[in-house]
Amino acid sequence: MKKFMGFLLILIVALTIFTVIISKGKRPQPFPLNSDSATRLQVGFAEVLHYNELFIDETRPTMANSDYPGDTVRRLDGIVWYPSDQTKGPYPLIIFSHGFSAKKEAGRYLAEHLVSHGYVVAAVDFPLTSQNAPGGPNEKDVVNQPADISFLIDTLLAQNEKPGHQLYGMIDKTRIGAMGTSWGGLTSELLGFHHSMRDHRIGAVLSIAGPTIMFTKTFFDQSNVPFMMLAGDIDVLIPYTGNALPVLEKVENSQLITVRDGTHIGFSGLATLLRWFNNPDAVACRIIKKNLVADPDNQDWLRVLGTIEQGINPEYKKELCLVDPLPKAINVLRQQMISAVVTTSFFQSQFAMTIEERDAAQKYLSETMAKELLDV
């Protein structure tokens with residue numbers, strides 16, 4: 001018995017050490033001491049609070065998917081983060097959209113950083129593109145997600161008017177932004193620019209590694225909403241050269257921030273343990289390829305998104321995970337540090353209350369950041 005207890009103790013100690021190494025090890029290089037970047041990475045003035053809610057849109061159905069028969073409603077399992085300090089509100093509202101086969105928690109690190117600096121942020125698990133979607137994740141349902149976000153905004157603004165609610169008086173309805181990673185970036189682009197899916201309340205769009213290859217300049221000409229693309233230059237799921245790099249030519253009021261050696265999955269808050277991999281996109285490629293629904297000619301997308309005249313490119317081809325071997329990537333945690341300061345600075349450049357704050361955030365993005373961070 002003593003031998004068994006001794007072995008069990010050794011095993012527990014070994015597992016504890018292993019867990020600590022995996023979760024706490026391989027830390028990223030910090031930002032330069034006393035730099036603007038380091039200051040912007042600091043937690044803001046507010047404690048971050050949150051509540052969970054199942055948002056149900058009873059006006060729109062969920063389509064059948066594999067062995068899932070569908071539903072008469074759209075069920076959006078959501079989380080809303082908001083600042084503890086109500087005295088400095090009302091605050092801008094930012095909606096985060098997750099990527100394909102992901103979930104709302106992928107944006108938690110971005111949401112919490114934003115909220116600490118005076119924002120309200122909401123995210124939901126989309127009915128059929130999330131990780132645990134009934135019938136399996138189906139990328140084609142992304143065309144229904146802009147309306148999901150519009151419904152979510154309607155609901156949050158109604159809560160903002162309800163005395164006694166956590167959000168009462170917290171949201172400035174004139175300052176609403178959209179952001180998302182990967183397919184969530186596409187959702188945000190549709191919200192900002194699509195001829196019929198656009199929500200005119202959206203005042204700024206941040207697409208993080210989102211696809212743009214299926215859109216021409218005509219698509220983006222339908223709106224002048226400020227747009228930023230944040231992307232990694234070795235992304236093998238949404239390749240940089242066909243999606244991020246053309247943004248400055250396609251979109252009039254746009255900016256592009258590039259993370260050197262940045263990957264696709266590295267932008268997801270769910271990928272922190274993948275920093276031990278040489279390139280975490282290897283894991284992402286296996287997951288995405290497993291869940292993709294075959295549509296080699298993109299015909300479903302073309303029919304739903306629109307026509308050539310409306311800015312939809314009928315010739316685009318998926319270039320998914322074609323690079324082999326994968327190059328060595330930046331530390332995932334370092335990539336997320338960069339993402340946090342880019343996200344907060346971008347929305348501050350659009351929504352800060354004073355022109356001085358907006359100008360300072362824009363100067364950081366366009367001049368200071370690349371001087372301080374050699375991987376940007």
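Rules and cut-offs
For every chain, the first residue of its written sequence is number 1, and the numbers climb from 1 along that sequence. Residue-level local features of this predicted model are given only where pLDDT is at least 70; pairs of side-chain atoms are given and counted only at 80 or more, and the full residue set underlies all totals for whole chains, interfaces and linings. Computation of side-chain values: all heavy atoms of the structure, hydrogens and water removed. Criterion used throughout: strands pair if DSSP finds at least two bridges between them. Under the DSSP-based scheme used, a helix requires at least four consecutive residues in state H or I and a strand at least two consecutive residues in state E, with every element numbered from the N terminus. Lines fitted to C-alpha atoms define the axes, with helix axes restricted to the stretch in contact, and inter-axis angles between N-to-C directions lie between 0 and 180 degrees. Contacts were defined at the residue level, with two residues in contact if any of their heavy atoms lie within 4.5 Å. Per-residue confidence from the predictor is given as pLDDT, running between 0 and 100. Within 6.5 Å between ring centres, the rings of Phe, Tyr and Trp (the latter by its six-membered ring) count as paired, and their orientation is classed by plane angle as stacked under 30 degrees, edge-to-face over 60, tilted in between. Buried means the residue's accessible area, taken with a 1.4 Å probe over protein chains only, is under 20% of the maximum for its type, while exposed means over 50%, and partly exposed covers the values in between.

S.K.: Please set out the sheet that holds strand β2 (residues 74-83) residue by residue, giving values where relevant.
M.R.: Sheet architecture is open: eight strands sit in the order β1-β2-β4-β3-β5-β6-β7-β8, paired in mixed fashion. Each end of this open sheet is capped by a strand with a single partner; those strands are β1 (48-57) and β8 (254-259). The sheet shows a mean angle of 20° between the axes of neighbouring strands, taken without regard to direction. With six bridges joining them, strand β5 (residues 171-181) and strand β6 (residues 202-208) adopt parallel strand pairing. Counted as the bridge partner of Thr 181 is Ile 208 from β6. Helix-sheet contacts for helix α3 (residues 108-116) involve β1, β2, β3 (91-97), β4 (120-125), β5 and β6, and the interaxial angle to β2 is about 40°. Packing against the sheet, helix α4 (residues 145-160) makes contact with β1, β2, β3, β4, β5 and β6, and its axis sits at approximately 120° to β1.

S.K.: Could you give me a rundown of the confidence of the model for the chain, with the residues and numbers involved?
M.R.: In low-pLDDT segments, the atomic positions of the prediction should not be examined closely. For the chain, per-residue confidence averages 92 on the pLDDT scale, and 91% of positions sit at 70 or higher. Note that residues 7-23 has pLDDT below 50 and, in this model, eight contacts with residues that lie over four places away or in other chains.

S.K.: Tell me about the packing of aromatic side chains, and name the residues and values.
M.R.: Inspection of every chain in the model, using the stated rule, returns ten aromatic pairs. Geometrically, the ring pair formed by Phe 193 and Phe 219 is tilted, given 6.4 Å between the ring centres and 45° between the ring planes. Pair noted here: Phe 193 is in helix α5 (residues 183-193) and Phe 219 is in helix α6 (residues 217-220), with a separation of 26 residues, a long-range link. Of the residues examined, Phe 219 reaches a relative accessible area of 0% and is grouped as buried. Among the aromatic residues, ring-to-ring pairing joins Phe 193, Phe 215, Phe 219, Phe 220 and Phe 227 into one connected group.

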